[in-house]
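The residues making up each chain are set out below.
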Amino acid sequence: MPKRGDGFPARQLATALVLLCFAVIGVAAANSRSTTDAPKAAPAVQTTGFVGDETCSTCHDSQAKGLHETLHGKAQNSKTPAAKNGQACETCHGAGQKHVESGNKADIKRFNALSARDANDACLSCHAKNASHVEFQGSMHDARNVSCVTCHSVHNPKSAKAQLKTVSATETCESCHKQEAMKVKKAGHMPVREGKMECTSCHTPHGSTNVRMLKVGNTINEACASCHAEKRGPYLWEHAAGKENCASCHDPHGSNNDRMLVAKAPMLCQRCHISSRHPPTIYDGAQLTAASNRMVGRSCVNCHSQIHGSNSPSGMRFLR
């Protein structure tokens, strides 16, 4: 019969084998991490095949003259290697020697022939350093194949800033966003057409982590409250519709109703309040004939004046 202590060496051997297995796995994982985390070699920088800006301008004189007064043109006088070597054109369009020798357009990078992704990659190779552009990749515009050159012109900009193809940012936005552009022309609207604000006052065209590419806040309400601070709250009595989304009642671009409402009161209110203390149907002609305050003036808000929220202890119905 084996003694009680005879089993200890076997257990110690099993423990040692388990520890050895863990050690082998750890070494393998470390080697894997070192291989994976090793810095990637930087792409080779082309040093040959350049012809210089003077050679480019012999054929592309109008583009060269247009470029001279732009921000890109002024960068030619900077201390960048390309500018020092007179290779500013080839910074974007690539080395031009093959194009000069063959005369073939396919031998030079032409942005009007590139895919949106390739054109954006070229621009972002410099502009990704700008905080306002770092979120462009994956943004709503990027996902819809809108490229930098869709809105911006390097050689022939029309705007005083941002090198846009149109005179203003609003005109650029309107070229695609037709529905919103028509809303701004309605009776009640954002003061865009008066020039007091523009689309970029609320939206950032280069991408945002917020909804609707908004500049501020994580919600539509936060963006609205950045100007309409008196509607921010919190209130003792909250109006659920306003707390959830200002756009539940207001159209942020424009409307033919008072205060840019999406529908005229009392119809607006009765989209939610279909039966509470008042007739559950749309108010009939008798109310209109009697000039009821439920139909004229500000309708429901004649009484429920604090419709965004009330801080009165007795303001549950938003009457005060």
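Quantities reported herein were computed from a predicted structural model and do not represent experimental measurements.

Draft legend 1. Highlighting the overall build of the chain. If you tally the helices and strands in the chain, you get 15 helices and four strands. Here the chain, with 320 residues, has 26% of them falling under the buried criterion. Here the chain displays about 22,100 Å² of accessible surface, and carbon together with sulfur accounts for 59% of that area.

Draft legend 2. The arrangement of the nonpolar core in detail. With five residues, the main nonpolar core is built from F111, A119, A122, C123 and C148. Top contributing element to this core by residue count: helix α8 (residues 116–127), with three residues. Among residues more than four places away in sequence, those in contact with C123 are F111 and C148.

Draft legend 3. How the structure looks around unusual backbone geometry. Residue P234 is bonded to the preceding G233 through a cis peptide linkage, with omega at 5°. For P234, the location among the structural elements is in the loop between α13 (220–225) and β2 (237–238). The amide bond that connects A265 to the next residue, P266, takes the cis arrangement and shows omega of 10°. Along the polypeptide, P266 turns up in the loop between β3 (254–255) and α15 (285–289). Even without glycine at this site, M260 takes up a positive phi of about 55°. Turning to its location among the elements, M260 is positioned in the loop between β3 and α15. Residue M260 is classed as buried on the basis of its relative accessible area, which comes to 15%.

Draft legend 4. Highlighting the pattern of salt bridges. Applying the stated criterion across every chain yields a total of seven salt bridges. The residue K65 makes a salt bridge to D61 at a minimum N-O spacing of 3.2 Å. Of this pair, K65 and D61 both sit in helix α3 (residues 61–68), four residues apart, which is roughly one turn of the helix. For K65, a relative accessible area of 58% corresponds to the exposed category. The class for D61 is partly exposed, based on a relative accessible area of 36%. The salt bridge partner of E230 is K231, with a shortest N-O separation of 2.9 Å.

What counts and what doesn't
- Residues numbered from 1 in each chain as written.
- Predicted model: local features only at pLDDT ≥ 70, side-chain atom pairs only at ≥ 80, totals over all residues.
- Heavy atoms only, no water.
- Helix = DSSP H or I, 4+ residues; strand = E, 2+ residues; numbered from the N terminus.
- Buried < 20%, exposed > 50% of the residue type's maximum accessible area, 1.4 Å probe, protein only.
- Areas by Shrake-Rupley, 256 points an atom, 1.4 Å probe, with all protein chains shown as cover.
- Core = buried A, V, L, I, M, F, W, Y, C linked by side-chain atoms within 4.5 Å.
- Contact = heavy atoms within 4.5 Å.
- Salt bridge = Lys/Arg side-chain N within 4 Å of Asp/Glu carboxyl O.

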